[in-house]
Amino acid sequence: MLKDIFFKLNKKASDEKSESGTEKQETIMTKCPSCKKILYSKDLHKRLNVCSNCDHHMPIISTDRMDALLDIDSGTELFTSVTSVNPLNFPNYEEKLKSDKEKTGLEEALIVSHGKIMGNEAVVAIMDPRFRMGSMGSALGEKLARTFQYATEHRLPVIVFTASGGARMQEGILSLMQMAKVSVAIERHSKAGLLYIAYMTNPTTGGVSASFASVGDINLAETGALIGFAGRRVIEETIKEKLPDDFQTAEFLLKHGQLDDVVNRVNMKRYLGTILKMHKEVV
Ligand SMILES: [Zn+2]
C-alpha cells in the first residue's frame, strides 16, 4: 500500500507526453535520500527539489532551473540549432546522442536564454548532466562561446550554471579545444567591462571545473555540490594519503578560499537578482 503511494503514477502525466517528447512520471511522495524524510512531491518541486527538513539538494533539470530563475515570460532561448555531430566517427556516438535527445528533450547538454532576473537583464546558460553527463563537446563549447559573444555585443552580464563530467571522450582533442575557445570569449567579455558569474552545481568536474566554471568575476557554488578536477580515489592513490570527508565539496572550497559563496538553491533567484542589480548600479 505504501509502495503504491510512492510509485503511483500520475495517470495524466504518464499517459501524456510532454512537449519535448520525454515521458513524465510523477510520484505523490518523495523520500529524501539524505535524511529519509517523506516529502510531498509538489512541495518539494516548489522548493526546487531542496529538502525542507535537511536542505539536501536533489537534482533539478536545466529547463526547470531556467523557469525558476527567469521572470515570467522574459526569456528567449538562444542558439537552439547548435547540436553535436560525430567529427571523429566514434563508434555508437550518434546513437548515444539520439538516445539522450529523446530522453531529455534537449538538443545539447546546455540551454541558453536571454531574460530577466528580478527585472535585471542577463544571459543565462545552464548545463544538464542528463545529456552525455553534461560533457563538453564541440557543440557545447560553440554554444557557450556564442553566449559570451552575444552578451558582449549586447553589453549584458552572463551567468553559467555548470554541471559536468568533464570533456566529451567521443570528441577527443576537439573537446579539449573548447576550453581555450570559451576562455577567449570570456576574456573578451571581461575586457568589455562586463560581469560573468560562474555558478557551479553538482557535479562540476574535469576540464569544465578547470576552465570556464572557475574563472567568473564571482564564483559561486550550490550547497553540497561536488566540485573537483580528478576523482577522489585517483588523488588518494597518487598522493598516498587519505583525504578529508568533505574534500571536493562546495563548502570545503569556500572554507579554503576557492569560492566567493555557497548558495542554497531556494535563494538562487534573489541572490543573483541582487548581484545583477548592484552591478547595474555601479557600472
Ligand atoms: Zn532531507
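Criteria and cut-off values
Residues numbered from 1 in each chain as written. Predicted model: local features only at pLDDT ≥ 70, side-chain atom pairs only at ≥ 80, totals over all residues. Heavy atoms only, no water. Helix = DSSP H or I, 4+ residues; strand = E, 2+ residues; numbered from the N terminus. Rg over C-alpha atoms; globule rule 2.2 N^0.38 Å. Buried < 20%, exposed > 50% of the residue type's maximum accessible area, 1.4 Å probe, protein only. Contact = heavy atoms within 4.5 Å. Areas by Shrake-Rupley, 256 points an atom, 1.4 Å probe, with all protein chains shown as cover. Lys, Arg positive; Asp, Glu negative; His and termini not counted. Charge placed at Lys NZ, Arg CZ, Asp CG, Glu CD. Polar contact = N/O pair within 3.5 Å; in protein donor to acceptor, adjacent residues only side chain to side chain. Salt bridge = Lys/Arg side-chain N within 4 Å of Asp/Glu carboxyl O. Core = buried A, V, L, I, M, F, W, Y, C linked by side-chain atoms within 4.5 Å. UniProt positions renumbered as here; feature names shortened; annotations may be inferred. Donors = N, O, S within 2.8 Å, 3.2 Å for Na, K, Ca; no water. Tetrahedral: all angles 85-135°; square planar, octahedral: opposite > 155°, others 65-115°. Phe/Tyr/Trp six-rings, centres within 6.5 Å; stacked < 30°, edge-to-face > 60°. Pairing = 2+ DSSP bridges. Right-handed = clockwise from strand over helix to strand, strands pointing away.

Visitor: Explain the overall build of the chain to me, please; I cannot follow it from the model alone.
Guide: A tally of helices and strands in the chain yields 11 helices and 10 strands. The C-alpha atoms of the chain give a radius of gyration of 19 Å, which matches the 19 Å a tight globule of 283 residues would have. Taking the principal axes of its C-alpha atoms as reference, the chain extends roughly 60 × 50 × 45 Å. Within the chain, the proportion of its 283 residues that are buried is 44%. Taking as baseline every contact in the chain between residues at least 6 positions apart, the subset at least 24 positions apart corresponds to 65%. In the form shown here, the chain has an accessible surface area of approximately 15,100 Å², with 55% of it arising from carbon and sulfur atoms. Across the chain, the mean location of the 37 positive side-chain charges is 3 Å away from that of the 36 negative side-chain charges.

Visitor: What exactly am I supposed to notice about the side chain of Thr 204 here?
Guide: Structurally, Thr 204 is set in strand β7 (residues 196-205). A polar contact is formed between the side chain of Thr 204 and the backbone oxygen of Thr 201, at a distance of 2.8 Å.

Visitor: Quick question: what am I supposed to make of the pattern of salt bridges here?
Guide: If charged atoms from side chains of opposite charge come close, those side chains can pair. Across all of its chains, the model carries 16 salt bridges by this definition. Asp 100 serves as the salt-bridge partner of Lys 103, at 3.4 Å between the closest nitrogen and oxygen. A residue pair is termed a helical-turn pair when its members lie 3 or 4 positions apart in one helix, as Lys 103 and Asp 100 do in helix α5 (residues 93-104) at 3 residues. The class for Lys 103 is partly exposed, based on a relative accessible area of 49%. Among the salt bridges present, the one from Asp 128 reaches Arg 130, with a minimum N-O distance of 2.9 Å. On the basis of relative accessible area, Asp 128 is assigned to the buried category, the value being 1%. With a relative accessible area of 29%, Arg 130 lands in the partly exposed category. By sharing partners, the salt bridges in this structure join Arg 65, Glu 222 and Arg 265 into a single network.

Visitor: What am I meant to see in the nonpolar core here?
Guide: One broad trend across soluble globular proteins is that nonpolar side chains are buried collectively. Val 124, Leu 144, Phe 161, Phe 212 and Leu 272 are the most contacted members of the largest nonpolar core, which totals 62 residues. Counting residues per element, this core draws most heavily on helix α6 (residues 138-153), which supplies 7 residues. Aside from chain neighbours lying at most four places away, what touches Phe 212 is Met 127, Met 136, Leu 140, Leu 144, Val 160, Thr 162, Val 182, Ile 186, Tyr 196 and Ala 198. Judged by nonpolar contacts, the second largest core, of 5 residues, contains Cys 32, Leu 39, Leu 44 and Met 58.

Visitor: Would you explain the UniProt feature "zinc finger region: C4-type" (unreviewed entry) in the chain in this entry?
Guide: As recorded in UniProt, the sites labelled "zinc finger region: C4-type" (unreviewed entry) are residues 32-54. Between the C-alpha atoms that bound residues 32-54 the distance is 9 Å, and the span itself is 26% helix and 13% strand.

Visitor: Even after reading the chapter, I still don't get the coordination of the zinc ion, so can you show me in this structure?
Guide: When a metal carries six donors in an octahedron, the ideal angles between them are 90 or 180 degrees, while four donors in a tetrahedron ideally lie at 109.5 degrees. Here the zinc ion is held by the protein donor atoms Cys 32 (SG), Cys 35 (SG), Cys 51 (SG) and Cys 54 (SG), which lie 2.3 Å from it. With 4 donor atoms in place around the zinc ion and angles of 108 to 111° between them, the coordination shape is tetrahedral. Mapped onto the sequence, the donors of the zinc ion take the spacing C-x2-C-x15-C-x2-C. Assessed through its relative accessible area of 27%, Cys 35 is described here as partly exposed.

Visitor: Honestly, the packing of aromatic side chains in this entry has me stumped. Any pointers?
Guide: Under the criterion given, the structure shown has 4 aromatic pairs. With 5.0 Å between their ring centres and 85° between their planes, Phe 148 and Tyr 196 make a pair best called edge-to-face. Of the two residues, Phe 148 sits in helix α6 while Tyr 196 sits in strand β7, which places them 48 residues apart along the sequence. Exposure remark for Phe 148: the relative accessible area of 0% places this residue in the buried category. The exposure class assigned to Tyr 196 is buried, which follows from its relative accessible area of 2%. For the pair Phe 247 and Phe 252, a centre-to-centre distance of 5.5 Å together with 75° between the ring planes defines the contact as edge-to-face.

Visitor: I keep staring at the pairing of β7 and nothing clicks. Help me out?
Guide: The side chains of a regular strand alternate, residue by residue, between the two faces of the sheet. Counted residue by residue, β7 has 8 buried out of 10 residues, so it is predominantly covered. Pairing between strand β6 (residues 158-164) and β7: 6 bridges, direction parallel. Following the sheet pairing, Val 160 is matched in β7 by Ala 198. Note on the crossover from β6 through helix α7 (residues 172-191) to β7: the handedness is right-handed.

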